[in-house]
2 protein chains.
Amino acid sequence: MSSPDHEVLELPGFVLESGAVLDPARLAYRTYGELNADRTNAVLFPTWFAGDHHANEWLIGPGRALDPREYFVIVPNLFGNGVSSSPSNTPPPHDAAAFPGVTVRDNVRAQHLLVTGTFGVERLALVLGCSMGALQTYQWAVSHPDMVARALPYCGAPATSPHNQVFIEGLRAALTADAAFDGGRYGTPPAAGLRAFSRVYAGWGFSQAFYWEETWRQLGFASLEDFLTGFWEANFAGYDANDLLAMLWTWQHADVATTPGMDGDVKRALGSITARTLALPAEKDLYFPPEDEVRAARYIRGGEVRVIPGIWGHLTGGGANPVDAAFIDAAVRDLLSE
Amino acid sequence: MSSPDHEVLELPGFVLESGAVLDPARLAYRTYGELNADRTNAVLFPTWFAGDHHANEWLIGPGRALDPREYFVIVPNLFGNGVSSSPSNTPPPHDAAAFPGVTVRDNVRAQHLLVTGTFGVERLALVLGCSMGALQTYQWAVSHPDMVARALPYCGAPATSPHNQVFIEGLRAALTADAAFDGGRYGTPPAAGLRAFSRVYAGWGFSQAFYWEETWRQLGFASLEDFLTGFWEANFAGYDANDLLAMLWTWQHADVATTPGMDGDVKRALGSITARTLALPAEKDLYFPPEDEVRAARYIRGGEVRVIPGIWGHLTGGGANPVDAAFIDAAVRDLLSE
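Residues numbered from 1 in each chain as written. Chains lettered and ligands numbered in written order. Predicted model: local features only at pLDDT ≥ 70, side-chain atom pairs only at ≥ 80, totals over all residues. Heavy atoms only, no water.

S.K.: Explain the overall build of chain A to me, please; I cannot follow it from the model alone.
M.R.: Within chain A, the regular secondary structure consists of 10 helices and 10 strands. Expected size for 338 residues packed as a compact globule is a radius of gyration near 20 Å; at 19 Å, chain A falls within 12% of this value. Principal axes of the C-alpha set define a box for chain A whose edges measure 55 × 50 × 45 Å. Counting every position in chain A, which comprises 338 residues, the buried fraction comes to 59%. Summarising the internal contacts of chain A: among those between residues at least 6 apart in sequence, 72% fall at separations of at least 24. As presented, chain A carries roughly 11,800 Å² of accessible surface, and 53% of it is formed by carbon and sulfur atoms. Averaging the positions of the 23 positive and the 38 negative side-chain charges in chain A gives two centres separated by 5 Å. (Helix = DSSP H or I, 4+ residues; strand = E, 2+ residues; numbered from the N terminus. Rg over C-alpha atoms; globule rule 2.2 N^0.38 Å. Buried < 20%, exposed > 50% of the residue type's maximum accessible area, 1.4 Å probe, protein only. Contact = heavy atoms within 4.5 Å. Areas by Shrake-Rupley, 256 points an atom, 1.4 Å probe, with all protein chains shown as cover. Lys, Arg positive; Asp, Glu negative; His and termini not counted. Charge placed at Lys NZ, Arg CZ, Asp CG, Glu CD.)

Take a look at the structure:
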């Protein structure tokens, strides 16, 4: 199946870790560039929370680190994002609020079928991703050490920390406090809940200093209230509430330590990584703080951390700030050259 | 007027900065110790958000920094806190959602009438306070430089920063997303909104590391979910929603720069302070980060900052952690000895 914008891999009878079955699961993806003859130039670049393949395109293009003249870049869409299988696009019995919990490992397994089955790729030159994309990157490196030559997680971590989970609990509680949500059986979207969700998110997405310096002006907004409505509320207003909750569930349950065979031991899971790993936390990220990746790197052989300096907080990884984008682009080049 | 627990100063025809009139405004307070003959041992210790005079008592007592055998400690309750005039206890036309916006300066003016009128105190040995109590402390030092010998704001700032305002917007949006709130005209409390408010607050109240280290176990909780419900939800569940919103309004509008005569210039406002000022920000406070007080101290003559180390975040100032409590107690002693 295809559309002008992306392709879809249908996975019949796809059994989730929970035991629930998506029949089929639909994994949407887009590729950039051409796979070379010996299939050694493939890069996998999973998406973040509430983004789709377009959100990664700032790092892909001629003259950029992921140059499609050199690399074959595969961008798979996260389950729940409204493009891959999601509450909003799945028929009964798994529609809407009945959509099952999908783990990061479920995403990785579907992506593995895409990479190996559709493209016949046995080894990825690089897996990289931002935020929930970083959660997937670490999981790839743990689940398929033989397949991942390099890993570059940015603004993310190998597990969702307890504080990060509390942040997610706040988002969920805000969204579902709106009675219009109705346990996920809404007809009309829960507008007040989505607005609350957006305003809660606003405080976490950028750093304290970003707001002090009124750096939102660089994004074209004239006032703080204008930024809260025109950027944050607009960003989530069109999103399906059940889709957001499905992605939050995936996020909240992310932990490489729960990979089968790792016995819940994060050190063991990270110690099994063989990829050359370069992690890029953002200096003032409020929910994936640098400490997360610094701690993780201790247990990864040769694991390197480069903190992205600056005040853009978690959205450092979004590509909207040219200085941060250049930092990330340079790091990807460095890792690919090793 | 009095009760077994606290006294109340009635202020007839109390005109707020907004022009609205509380007739009377009721300022609840409690005192500890005795005023000495020359009235030089008075300490003013305003309360924080969603707390009352009891919340300050950990720092008051024989052998503590604020020893009632030596000092006369006056603890005035913040307007909106449900003890002083608040939406929940004010008759029409200013009841419930019709309660007017009360500024920090309105609080300070009422407290000034208490200090000078009721007690005949012309100079305070110390004004101190945590969080919204710190906002009031800075305002006292700016509004009445002749009356404040020493100021010790902790876990607070002279103005609510833009990021802090975004945090407040998230709290407000979460609380009011519940249709049961009904524009403040609820009969039954908006339980889902209060729950969301609590869960959003949970991520901000303590640091990321506090949750990593499961430091909530020190507070007697057995699991993270237990902590979210037993500590956070329980803390706000009994609060009146309009009272919470009234205090948030006060908090959000706090800024010493808007003091009459300061022309919106925070440097000028801080430069007018003559109190010996010692600010204690908490190292990992997520909404009053140390940068706020460090920046402020630059403009206060002799302004000193001591960062409270540790992982308790904003609630470092709450007195529940013995190490932090000892740090604050020692700083208060040091300042009082100067």
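Here the narrative resumes.
S.K.: Explain the relation of the copies chain B and chain A here, please?
M.R.: Note that the two copies of the chain are related through a rotation about an axis and a translation along the same axis. Mapping chain B onto chain A is achieved by rotating through 180° and translating by 0.0 Å along the same axis, at an RMSD of 0.0 Å. Such values leave the two copies arranged in the relation of a two-fold axis. The fraction of interface residues of chain B whose copies in chain A are also interface residues reaches 100%, indicating that both copies meet through the same surface. (Least-squares fit on C-alpha atoms with pLDDT ≥ 70 in both.)

S.K.: Would you mind going over the pairing of strand β9 (residues 276–279) of chain A with me for this structure?
M.R.: In summary, the side chains of a regular strand alternate between the two faces of the sheet. All names here are of chain A. The pairing of strand β8 (residues 150–154) with β9 spans two bridges and is parallel. What sits directly across from R150, in β9, is R276. With two bridges joining them, β9 and strand β10 (residues 304–305) adopt parallel strand pairing. For A279, the partnering residue across the bridge sits in β10 and is V305. At this point the chain moves from β9, through helix α9 (residues 290–297), to the parallel β10, and the crossover so formed is right-handed. (Pairing = 2+ DSSP bridges. Right-handed = clockwise from strand over helix to strand, strands pointing away.)

S.K.: Would you take a moment to explain the packing of aromatic side chains for this structure?
M.R.: Two descriptors summarise a pair of aromatic rings, namely the distance from one centre to the other and the angle between the planes of the rings. Taken as a whole and judged by the stated rule, the model has 73 aromatic pairs over all chains. Between A:Y287 and A:F288, the aromatic rings sit 5.8 Å apart at their centres with planes inclined by 50°, giving tilted as the arrangement. Both residues of the pair, A:Y287 and A:F288, count as buried. Ring plane angle 75° and centroid distance 5.2 Å describe the contact between B:F210 and B:W312, whose orientation is recorded as edge-to-face. Of this pair, B:F210 sits in helix α5 (residues 208–212) while B:W312 is found in the loop between β10 (304–305) and α10 (322–336), placing the two residues 102 residues apart along the sequence. With respect to burial, B:F210 and B:W312 carry one shared label: buried. The ring of B:W212 has A:R295 lying over it, and the distance from NZ or CZ to the ring centre is 4.2 Å. (Phe/Tyr/Trp six-rings, centres within 6.5 Å; stacked < 30°, edge-to-face > 60°. Lys NZ or Arg CZ within 6 Å of the ring centre and 35° of its normal.)

S.K.: Please clarify how the domain arrangement of chain A should be interpreted in this entry.
M.R.: Interfaces are frequently sized by the accessible area removed from exposure as the parts join. All names here are of chain A. What the domain assignment reports for chain A is domain 1 (7–161 + 254–336) and domain 2 (164–248). Inter-centroid distance (C-alpha atoms) of domain 1 to domain 2 is 23 Å. On the domain 2 side, the residues contacting the 28 residues of domain 1 number 31 residues. Together, the buried faces of domain 1 and domain 2 total about 2,300 Å²; carbon and sulfur atoms form 66% of this surface. (Domains from an automatic or database assignment. Buried area = accessible area lost by both parts, 1.4 Å probe.)

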